[in-house]
Amino acid sequence: MRIGPHSLPNNVFVAPMAGVTDRPYRQLCKRLGAGHAVSEMAASNPKLWDSVKTSRRIDHAGEIEPIAVQIAGGDPAMMAEAARFNVERGARIIDINMGCPVKKVCNVLAGSALLRDEDLVARIIDAVVNACAPLGVPVTLKTRTGWCRDSRNAMRVATRAESLGIAALALHGRTRQDLYTGQAEYDTIRAVKAELKIPVIANGDICTPEQARDVLQYTGADAVMIGRAAQGRPWIFREVDHFLRTGEKLAPPDHKEMRELLLEHLEDHYRFYGEYTGVRTARKHIGWYLADLPGGPAFCAGMNQIENTREQWQAVADWFDQSDEPRALAA
Ligand SMILES: Cc1cc2nc3c(=O)[nH]c(=O)nc-3n(C[C@H](O)[C@H](O)[C@H](O)COP(=O)(O)O)c2cc1C
């Protein structure tokens, strides 16, 4: 699959998840078979670019190409400026967030709140596409099926986005009203895909290789995007990709491989974020990896007391070494 000039290795993508799919995690997902990764959303407001959180999110040094940066905001000029700023810092694809349901974001008329104002949607897309086109950078859009269930406007938004030059569309099969509740619906994704010429990426509740296959078949989408099911399970991308290509299921990683993956992941956190932040960002990931393993949650509860990277790394290594039986991994 292609996004503008970029040819991607496969059609199994990792979804952007603020606070989860940080730079080390996106790298790992790509190394383990994700065909594409979009950064966590970064604020378009320049006043926030120096903040600790945003400056971390807009640092993409060393990332596997093509670097895709998601921007969030509701002001067309600011969004265009944010796009240019991120391209200067290495972005090769700009993604616009029109799906975030969080109140703090929606209250400033950004994320999914934009779906209530289709003209503003168009002005933002137009401004960002016009800022990126001279730089040779394609713009993608990630959105939901609508603001509320009785006015799903994804079709109108998608066709307008395509006509304004959006290069690919990721569609989460829920409205803002749904938040993350209930089941994602794929009928809207299927209908939108049937109308558009640009690639459509189906998103929502894809947790297994079989579900990925079924969603691709049902919607006709060009790719799938996996979010929560990848939390603590970066190998899901190679499992899904392998299954889609061969129809065969790959075994989950064994105890030894999981230990290696997690320790390598921790080292990336320490390298990218340093001692203080690294130990904290890594802590969350340790919890997600070990959540379903026997004894994992109890071990993780004690992690909060560890304040330095060397001790944290060693504690995780010891935990794996001290279990003599391979631990059953969650399916
Ligand atoms: C913790 C969390 C953070 C998220 N952050 C973002 C974000 O920064 N940008 C975005 O477009 N979507 C974000 N999302 C939405 C996901 O990208 C995805 O659309 C949603 O989780 C549905 O996919 P899934 O069922 O595979 O998880 C977030 C979701 C979660 C759970």
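All of these numbers come straight from a predicted model, not from anything done at the bench.

Analysis parameters
- Residues numbered from 1 in each chain as written.
- Predicted model: local features only at pLDDT ≥ 70, side-chain atom pairs only at ≥ 80, totals over all residues.
- Helix = DSSP H or I, 4+ residues; strand = E, 2+ residues; numbered from the N terminus.
- Rg over C-alpha atoms; globule rule 2.2 N^0.38 Å.
- Buried ≥ 20, exposed ≤ 12 C-beta atoms within 10 Å, placed from the backbone.
- Contact = placed C-beta atoms within 7 Å.
- Near = placed C-beta within 6 Å.
- Nonpolar A, V, L, I, M, F, W, Y, C, P; charged D, E, K, R; others polar.
- Axes fitted to C-alpha atoms, helices over the stretch in contact; angles between N-to-C directions.
- Parallel < 35°, antiparallel > 145°, perpendicular 65-115°, else oblique.
- Left-handed = near helix turned anticlockwise from the far one by under 90°.
- UniProt positions renumbered as here; feature names shortened; annotations may be inferred.
- Core = buried A, V, L, I, M, F, W, Y, C linked by C-beta atoms within 7 Å.
- Domains from an automatic or database assignment.
- Pairing = 2+ DSSP bridges.
- Right-handed = clockwise from strand over helix to strand, strands pointing away.

1. As for the overall build of the protein
Next up, step 1: Along its length, the protein carries 12 helices and 11 strands.
Next up, step 2: Computed over the C-alpha atoms, the radius of gyration of the protein is 20 Å, within 12% of the 20 Å expected from 2.2 N^0.38 for a compact globule of 331 residues.
Next up, step 3: When the backbone C-alpha atoms are referred to their principal axes, the protein occupies close to 60 × 45 × 35 Å.
Next up, step 4: Within the protein, buried positions represent 46% of all 331 residues.
Next up, step 5: Intrachain contacts of the protein at a sequence separation of at least 6 include 67% that bridge at least 24 residues.

2. Details of the site of the ligand
Next up, step 1: Near the ligand there are 22 residues, and of these A15, M17, M41, G227 and R228 occur at the shortest range.
Next up, step 2: Looking at the shell around the ligand residue by residue, the class counts come to 10 nonpolar, eight polar and four charged.

3. Points about the packing of helix α3 (residues 76–88) against helix α5 (residues 118–132)
Next up, step 1: Two elements in contact, α3 and α5, have axes whose closest approach is 8 Å; the angle formed by their N-to-C orientations is 30°. When the interaxial angle is binned, α3 and α5 end up roughly parallel. Both α3 and α5 take part in a crossing whose hand is right-handed. The residues of α5 that touch α3, namely those facing P76, A77, M79, A80, A83, R84 and V87, are R123, I124, A127, V128, N130, A131 and C132.

4. Some details on unusual backbone geometry
Next up, step 1: In the segment running from E65 into P66, the intervening peptide bond is cis, with an omega of -5°.
Next up, step 2: For L109, which is not glycine, the phi torsion reads 50° and is therefore positive.
Next up, step 3: You can see L109 is positioned in the loop between α4 (103–106) and α5.
Next up, step 4: The partly exposed category is assigned to L109, around which 14 C-beta atoms lie within 10 Å.

5. Remarks on the UniProt feature "domain: DUS-like FMN-binding" (unreviewed entry) in the protein
Next up, step 1: Mapped onto this structure's residue numbering, the UniProt feature "domain: DUS-like FMN-binding" (unreviewed entry) falls at residues 14–316.
Next up, step 2: Within residues 14–316, the helical portion is 46% and the strand portion 13%, while the C-alpha atoms at the span's ends are 25 Å from each other.

6. Considering the UniProt feature "active site" (unreviewed entry) in the protein
Next up, step 1: Residues given the UniProt feature "active site" (unreviewed entry) here are C100.
Next up, step 2: Here C100 is to be found in the loop between β7 (93–98) and α4.
Next up, step 3: On the basis of neighbour counts, which here come to 23 C-beta atoms within 10 Å, the residue C100 falls in the buried class.

7. Observations regarding the nonpolar core
Next up, step 1: Grouped together as the largest cluster of nonpolar side chains are 76 residues, with contacts concentrated most on F13, I94, V128, L169, I201 and V224.
Next up, step 2: At seven residues, the largest contribution of residues to this core is made by α5.
Next up, step 3: Contacts of I94, omitting those with residues within four sequence positions, involve V69, I71, A83, N86, V87, V128, C132, V137 and V139.

8. A closer look at the domain arrangement of the protein
Next up, step 1: Domain assignment breaks the protein into domain 1 (2–246) and domain 2 (255–322).
Next up, step 2: One C-alpha centre belongs to domain 1, the other to domain 2, and the line joining them spans 29 Å.
Next up, step 3: Counting residues at the interface gives eight residues for domain 1 and nine residues for domain 2.

9. As for the pairing of strand β9 (residues 168–175)
Next up, step 1: Here β9 lies mainly inside the structure; eight of its eight residues are buried.
Next up, step 2: Inspection of the sheet shows strand β8 (residues 139–146) paired to β9 by six bridges, in the parallel sense. Looking at β9, one finds that T140 is bridged to A168.
Next up, step 3: A crossover links β8 with its parallel partner β9, the connecting element being helix α6 (residues 154–163), and its sense is right-handed.
Next up, step 4: Judged from the four bridges that link them, β9 and strand β10 (residues 200–203) form a sheet pairing that is parallel. Counted as the bridge partner of H172 is N203 from β10.
Next up, step 5: Handedness of the crossover joining β9 and β10 through helix α7 (residues 187–195) is recorded here as right-handed.

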